Structures are given as structure tokens and as C-alpha cells.
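# Summary of the model geometry
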Amino acid sequence: MTLLKRGLSRRRVLQTGMAGIIGTGVAPLMFTKGAWAQEFCNNPTGDTVTIGLNVPLTGAYAEEGADELRAYELAVKHLNGEGDGGLLNVLQPSALKGNGVLGKKVAFVTSDSQTKADVARAGATRMIERDGALMITGGSSSGVAVAVQGLCQEMGVIFMAGLTHSNDTTGKDKKRYGFRHFFNAYQSGVALGPVLGQEYGKDRKAYHLTADYTWGWTQEESMKNATEALGWETVAAVRTPLGAGDFSQFLTPVLNSGADVLILNHYGNDMVNSLTQAVQFGMRDREVNGKQFQIVVPLFSELMAKGAGANIKGIFGTSNWHWNLQDAGTKAFTKSFGAEYGAPPSQAAHTCYVQTLLYADACERAGTFYPPEVIKALEGHDFDGMGNGPTTYRAEDHQCMKNVLVVRGTENPTSEYDVLEVVQEVSRDAVDYDPSIFGGDLGPAEPAPMC
Amino acid sequence: MLAMPRKDVVLFLGFAAVVLAMPIWLQPFGAAYPDLLNRFAIFAIFAVGFNILFGLTGYLSFGHAAFFGVGSYAAVWSFKLLSMDALPALVFAIVVSGLFALAIGFLSLRRSGIYFSILTLAFAQMSYNLAYSVFTPITNGETGLQLSLNDSRVLDRMFSEPGPGLPSPTLLGTPLSGYVAFYFCAFFLIATFFIAQRVTGSPFGMMLKGIKSNQTRMNYTGVNTRPYTLAAFVISGMYAGLAGALLAITDPLAGAERMQWTASGEVVLMTILGGAGTLVGPVIGAWLIKYFENIFSAINDGILTQFWGFLPDGAQHTAVLISSKFVGEGWFLTLGLVFVLIVVFLPGGVMEGVRRIAALFRPNKPTPASAGTTASKPHPAE
């Protein structure tokens, strides 16, 4: 104690401090090392298998997130053999038995991604590290999807992307562990271009307002390519921050730009706000260059259409899926979703539900949860009955190739859910493209010892 | 000359032990997983650094997230251009954020009080908006700056060929993942805590405290306070840069939302919640807020139903309905309530509560004055 009373020198403190730090720092590592002994990340050992749902419950895409969560809960129910079985009955071919996956009951944990890449990665990490999630799924923003997909590649955990429409998700930033059922901006452009040419003519001047992140950028590019191929001129393309709320400062210049088409590369609440404001500015009643001014929303969803109300009437866009299609898969899904929640599902809900089933089916077919085997089972898999016609999970970029819908806001809605009508179902051959055009590299399938 | 008082040594050793044992004592709270532990350490560094400016010098900066974000961006760029090793990234991030703090501090510190706060807020918000618009080539906008396969990584390429897939950050060849990353961050937390402790006890720290209690008087006695405030500003900016870099090391991604005013406000909350002006307070505040953000926000109805399982059916339903408003998406509400309660009943933060409890057990000794009154205690020079 005399030593301490005299006070310690800085050197002495540093010496003992460092020794203590190293000593205590190393000791727990010896205990945690054992955690890596498992064969792969979060190998389910009990009688349940946990999936991690990473959806935005707050922020610009919160509506989509809430609907996605409903779809996931329904999918988990159906996989566990509860409810009416939904799409389990119509998936062709199917290895699903309705008793969970590989005999294990499906459980889930959730996380609010807040439409922020940072938060989404933190949430995904928590679900993998703490809650033992074997697979991560969700996302309603491509920025988030790309970020989480990268994380899942590092961790060796499969990521089944939900609503993400950027070309980058399965293009420049594609990953071996990431899979996307949703279509992309390139396919939107290819599908929508001819319809726009037919309706609005070959001599138009387009003005783009674009959400300033990966999805907006690629959609703007794809729409530019598609419309310029028609002979349209692009007057300007202005980037707007995600979740801006007020778009009037971006809309005012449109009025004086000489453009006669406004292309809104916005989604979720942003699109609801920008479209409503554009209508309030009187844009749809204007005539420019002797033509009626038009608004185009390349990526549409039922939830947005509902949010925008009457403003959406007659506006063209594209959709991944619509509840009013007449095939067996769509009918089955709309029926069981409607029975559970009292409203028809959105395209976001549909893609998330399908992704969950496809993952479960791939595990069953692979006969194991070991990710490289599940990846092999998904790559190049052909299936049908999920509401999009015959579909292929392309092995080169993990993009689902299927039909794309061109939709329009219903002019005379018969119910509050009747907001979009399908104008044309563009066949998958028409929206096919070479996977190498976007570059990128899938990376290795062997999981890194990260988890 | 360099001797530390015994009280400080005990505090330092106790702090180090608590931090290093976090994976053990956080187990019952469901928070002992590497990613959250990293965040605990990183945001504690951020708050400790912020406290040097706010708690010690009395300058309330509303723009510290800017330095945090700049540190992250600098670290990721170091990963992209130089090497995946953590050390160059850290050095680069600290230097860049230090220079950035020097520039902003030089301008903002011409004013004090509310004007200073508004200036820093304006600069931070400016950085945030620039990161979204003009600087998109550097920051990659909303998508966030990420590693890619085409990065040059000059230093790494000199020694080895690129492996398959994206590389992850290393420390001299050891991959920084899981608990290794946590002890890496914990080391920096302990080291920066030690530095903050020494700064507080030094003559320089004495000057900062003097500036806090009465800057005008300091000026009248012939002391030029500007260099001191600027030094404190730069030091805390470098702390923020270090924290930002560590966040990028544990997860190589940098997004502009790290610079948003809410992120700046968060560190102010952390410091006030824990106890501004104390050494341990900001650390506790940072842990509390990060705990709420990560654990409370993840509680859903299913977990609540289990938790209230002992109640009869109707009561259980009501209990779940009421409590679900305070968890999950509603975690901000809980945090807000806790903050209001603390500010009203414990103006000195959690640390004041600790002091009051400690005082209960030592009724005979004269209780040490609370944080609010220490400032007005007559100084030896008076």
C-alpha cells in the first residue's frame, strides 16, 4: 500500500495496465473459440430453424415494410403447416411438406432496418450473432439490400432479397449468397418503353426526378436508355434526397424546362409525396409543346397507388406482380393473405412470401441447411405456380427471370383496392438480358469463418 | 511529477476491468454479441471525446457527427486505396478528422454559447448535404461508400495477390472479426479513457475548466483562451474520427446518415444522460442509448406475449398492447421518457444518481458536492 500512497508513475501504470489488458483480453477468447467449431454459421441444432426478417418499419418505405412483415409471418405459418397452405399447394415442382423445413419448425426474429444501410447491417448482424438466424431476408430499399447482401456474403449467411429493384443488386454488387426474386430497373425500362412510345408518341421531352441512391441511379439510366431509344429527349435528370418529404423545390424547375413528360424515379412515401405535389402544381392539366403533359412512375406498387389516391389515375408504370392476375398461384396467395389480414397483398408482400418458400424448398431439395449446397439448389432452378408464370433463378447473377407487368392507375376504381390495372404482361423473353452487361462478381460459395 | 492520484488509478483499473469483462456481464441483458459490444466501445469513445469539449470546456457542439462521418469515410478510403490493415486506416482517419476539426473549430470558436452551437450544427448539416450531393463521387451518396473488387489497395498488392471475394479488415494479418474486433475497440476505449483522464487532471485540463466556469474572467487576467478551446475542439474531433474509423473497421461501410444532425444530437444525449463533465458518465450514457437502440427496438409482440405470460388472458393482452408502444418502433418513446426523468430528477445524469447512492452509505462524511455546484466552488486562486 505504501507504493500506492506515494502515487504511481505513468510508466508503472502503463506497464501493469497493459499486462492486465492483455491478460483479460486473451482469456475470454479461449472460451469463445469453441463457438466456431460448428460446421457453418448458425447450423440449427434444436428442433427449430430461425430466419431473420430485416424490414423497414420506419422511414420512407415503412408501408412496404409492414406489408412484407405480414407476408413473412404468413409464409412461416404455411411452412409450418398452419393455415390453408397458400402457395405450398401450387408451387411446381415442390419438395415442401408443410411440416417446417427438413423437419424443423420455422421461427423468426425481426429487426427494423429504418431504410438505413448502417442500421440494417447492425440489425442483420444482431440477428445472426445473437439470435442465430440461418438466413436473412427483407429490405425495401436497394441501398439496404446491397449493404446487407455484402454483409451476408462475409458472414456466409444466405440473403433472400425482398423488394429491391436496382440493377446493382444482381448486377455490379451481386453476391454468391444473395438472391433476388423481384425484377429490376432494366427490365422496367424494356417493358415500359414500347407502351410509352405507343401512348405518348416518339417526340417527347422527359424530365427525371430521381431518388439519390443506387436504385434511383440505375432506374434513371434504364429509363433514359429505353425512352431515348424511342426518340425522346432527356431535358434534365435531377437527384433528390431519399425521404425528402417536400419536393416543391424540385418540381418548380420542371414547369419552366420545356419538358412534357415527368418521370418520377421515386418509391414509397417519396413517390406519394412527389406525385401528389406534382398534381397540385397542375402538371397533369398543362399543355406543353402542344401536347398534354404526362407523368410516368416506372416502379409502381399498390400501397403507393393507394397513398396517392386519385392522383394516380391513368399513370403508367411497371410492377412485379398484381393480386388481380388470374392464375392459380395469384388466386391462392390473394385468398389466404386476404383471409388473414383483410386486404389484398402488395407486390412487396408477394416477393417476400415467395422468397421464403423458395429458400425452404431449396433446403428441402438440398437435404441440408449447409449454405453452399442450398445455393447450388437455387442456382438455375426452374419453377412455376408462384403467380409470375414459369420462372428461372438464373445461375449467373441470381436474378429471377419472369414476366413483367405494365400497369396503369385505374380510371374508375370499383373498390378501394382496385387502384391499378394490368395493361400488358410482358413475357420473360422480351425482358431477358445478358447477365454480364452489368459486370460484378458473385464471389466464392465457401463460407468464410466469420460467424 | 507524472504520478497519478490513487483515486484515478483505481478508477482507471476498475474501468478497464468493466470494459474487458463486458462479454460476460452483458450476457444476462442479451447484449453480449460482438457487433453490439463493438458499438458500445465505439460510441463510448465518441462520447468521452465529446465530453472533453462539452463537459470540460463548456462548449456545446451540435455538429460532432461530422467528424465521426469524416473518420468513417477516411477509413474506408484507406481500405480502398492503401490496405485492408486497420492501422493505416486509423491514422488516416484521425489525421483527416483532426484537420477537419481544426478548420471548423477555427471558424466556429469565434463565438461561444448558443451561437457556437448553431455554427457547428450548420457546418455539420452542410457536410451532410455535401456528402449527399457535390461529394457523391467521394461518398457514394445514399448508397454509402463500400469496398469493391476493383479497389487498388496499393500496399496490399505489393505483398500479396488478391484473394477471392471482398477482403475484410485485418490487424497485421489477423482478421478483425467477432470478439477480436471487440477487444481491438475495447483497447482503444481504455486508451482514450486514460488520455481523457490525464487531460482532465493536467494543467491544460485546469485551463479548460477555467474556461467553462468563467471565460471572461480568464480573458481579463490576460490568458488568451482561443488556443485552449481550439485544442479541446480538435482533440474531441480526433476522438470522433477515431470512433468513426473503428466503426468502419468493424463494418467496412460508411454512409452519410452518420453525419446527420440526429447523430450529433445522439452524442449530446449520451453525455447529458450519463453526466456531463464526469469521466465515466458519457460512457454509461453511450451504453444506455445503444442498448435501447439495439435491444429495445428488437422486442416484438411475440416476446412481450411470453414476458406477460403469467397474467390471465385478458390482462395479458392489455399488458402486451400497452407495453408494445414502448418497445420495437416505440423505443424512442422509452428513451425520451428516461431522458426526461433523468434531466428532471438527476440533472447531473446517471453519475449524480451514483453519487447520491454512494452518499447514502457514507452519512457521516461530508457529501461531495454534485456536478452543478462544483463549478461555483471557489478556486484556490480566488
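Turning next to the overall build of chain B. Helix and strand counts for chain B stand at 18 helices and four strands. Radius of gyration (C-alpha) of chain B: 22 Å, near the 21 Å computed for a compact globule of 382 residues. Seen through its C-alpha atoms, chain B measures out along the principal axes to roughly 70 × 65 × 40 Å. Out of the 382 residues belonging to chain B, those deemed buried represent 52%. In chain B, the share of contacts with a sequence separation of at least 24, taken over all contacts with a separation of at least 6, comes to 75%. Charge separation in chain B, taken as the distance between the mean sites of 21 positive and 16 negative side-chain charges, equals 17 Å.

With that settled, the discussion passes to the sheet that holds strand S7 (residues 233-240) of chain A. Residues and elements named next belong to chain A. Spatially, S7-S6-S8-S11-S12-S16-S17 is the arrangement adopted by the seven strands of the open sheet, whose pairing is mixed. Either end of the sheet is taken by a strand with one partner, and the two such strands are S7 and strand S17 (420-426). With direction set aside, neighbouring strand axes in the sheet form an average angle of 20°. With six bridges connecting them, strand S16 (residues 404-409) and S17 associate as antiparallel partners. The residue bridging Val 406 from the neighbouring strand is Gln 424, located in S17.

A few words now on the pattern of salt bridges. All names here are of chain A. In total, this model carries 22 salt bridges over all chains according to the counting rule given. A salt bridge links Asp 361 to Arg 365; the nearest nitrogen and oxygen atoms lie 3.0 Å apart. Of this pair, Asp 361 and Arg 365 both sit in helix H12 (residues 347-366), four residues apart, which is roughly one turn of that helix. Residue classification places Arg 365 among the partly exposed positions, given a relative accessible area of 33%. Here the salt bridges do not stand alone but share partners, grouping Asp 203, Arg 204, Asp 260 and Lys 291 into one network.

Here the focus is the nonpolar core. With 105 residues, the main nonpolar core has Ile 158, Met 160, Leu 196, Leu 262, Phe 300, Leu 357 and Tyr 359 of chain A as its most contacted residues. Sort the elements by how many residues they give to this core and H12 of chain A lands first, with eleven residues. Formed jointly, this core draws a minimum of three residues from each of two domains, domain 1 (48-183 + 323-402) and domain 2 (186-319) of chain A. With residues near it in sequence (within four places) discarded, Phe 300 of chain A still touches Met 271, Ile 312, Ile 315, Phe 316, Gly 317, Thr 318, Ser 319, Gln 347, Val 407, Gly 409 and Leu 420 of chain A. One finds Val 48, Phe 54, Ala 93 and Ala 186 of chain B within the second-largest nonpolar core, a separate group that totals 104 residues.

The next subject is helix H13 (residues 281-294) of chain B. Because each turn of an α-helix spans 3.6 residues, side chains separated by three or four positions in sequence point in the same direction. For H13 of chain B, which comprises 14 residues, the first-to-last C-alpha distance of 20 Å matches the rise-based estimate of 20 Å (1.5 Å per residue) to within 8%. Most of H13 of chain B is tucked away, with twelve of its 14 residues classed as buried.

As a further point, take the sheet that holds strand S3 (residues 135-138) of chain A. Residue and element names in this part refer to chain A. Pairing in this open sheet of five strands is parallel, and the strands run S2-S1-S3-S4-S5 from one edge to the other. Because the sheet does not close on itself, it has two edges, and the strands there are strand S2 (105-112) and strand S5 (178-180). Along the sheet, successive strands turn relative to each other by an average axial angle of 25°, direction set aside. Note that S3 and strand S4 (residues 158-161) share four bridges and pair parallel. Looking at the pairing, Ile 136 lines up with Phe 159 of S4. The strands touched by helix H5 (residues 142-155) are strand S1 (48-55), S3, S4 and S5; relative to S4, the strand with the most contacts, the crossing angle is about 160°.

Residue and element names in this part refer to chain B. If you walk through the whole model with that rule in mind, you get 33 aromatic pairs over all chains. Measuring from ring centre to ring centre gives 4.9 Å for Tyr 59 and Phe 116, while their planes differ by 90°; the resulting arrangement is edge-to-face. Taken as a pair, Tyr 59 in the loop between helix H3 (34-56) and helix H4 (65-81) and Phe 116 in helix H6 (residues 113-132) lie far apart in primary sequence, 57 residues in all. Tyr 59 gets classed as buried once you look at its relative accessible area, which sits at 5%. You can call Phe 116 buried: its relative accessible area is 0%. Considering the side-chain rings of Phe 116 and Phe 233, the 5.9 Å spacing of their centres and the 80° angle between planes classify their relative orientation as edge-to-face. Within this pair, whereas Phe 116 is found in helix H6, its partner Phe 233 is found in helix H11 (residues 226-250), the two being separated by 117 residues in sequence.

We now examine the domain arrangement of chain A. All names here are of chain A. If you check the domain split of chain A, you get domain 1 (48-183 + 323-402) and domain 2 (186-319). Relative to domain 2, the C-alpha centre of domain 1 lies at a distance of 29 Å. Domain 1 puts 23 residues into the contact, and the matching count from domain 2 is 23 residues. Summing both partners gives a buried area of about 1900 Å² for domain 1 against domain 2, and 54% of it is carried by carbon and sulfur. Joining domain 1 to domain 2, the criterion identifies zero salt bridges. The interface formed by domain 1 and domain 2 holds 15 residue pairs in polar contact (both at pLDDT 80 or more) in total. Sorting the residues of the side of domain 1 that touches domain 2 by element identifies helix H3 (62-79) and H5 as the ones contributing at least two each. Among the elements that make up the side of domain 1 that touches domain 2, the one with the highest residue count is H3 (three residues).

Here is what the cut-offs are and how they apply
Residues numbered from 1 in each chain as written. Chains lettered and ligands numbered in written order. Predicted model: local features only at pLDDT ≥ 70, side-chain atom pairs only at ≥ 80, totals over all residues. Heavy atoms only, no water. Helix = DSSP H or I, 4+ residues; strand = E, 2+ residues; numbered from the N terminus. Rg over C-alpha atoms; globule rule 2.2 N^0.38 Å. Buried < 20%, exposed > 50% of the residue type's maximum accessible area, 1.4 Å probe, protein only. Contact = heavy atoms within 4.5 Å. Lys, Arg positive; Asp, Glu negative; His and termini not counted. Charge placed at Lys NZ, Arg CZ, Asp CG, Glu CD. Pairing = 2+ DSSP bridges. Axes fitted to C-alpha atoms, helices over the stretch in contact; angles between N-to-C directions. Salt bridge = Lys/Arg side-chain N within 4 Å of Asp/Glu carboxyl O. Core = buried A, V, L, I, M, F, W, Y, C linked by side-chain atoms within 4.5 Å. Domains from an automatic or database assignment. Expected span 1.5 Å × (residues − 1). Phe/Tyr/Trp six-rings, centres within 6.5 Å; stacked < 30°, edge-to-face > 60°. Buried area = accessible area lost by both parts, 1.4 Å probe. Polar contact = N/O pair within 3.5 Å; in protein donor to acceptor, adjacent residues only side chain to side chain.

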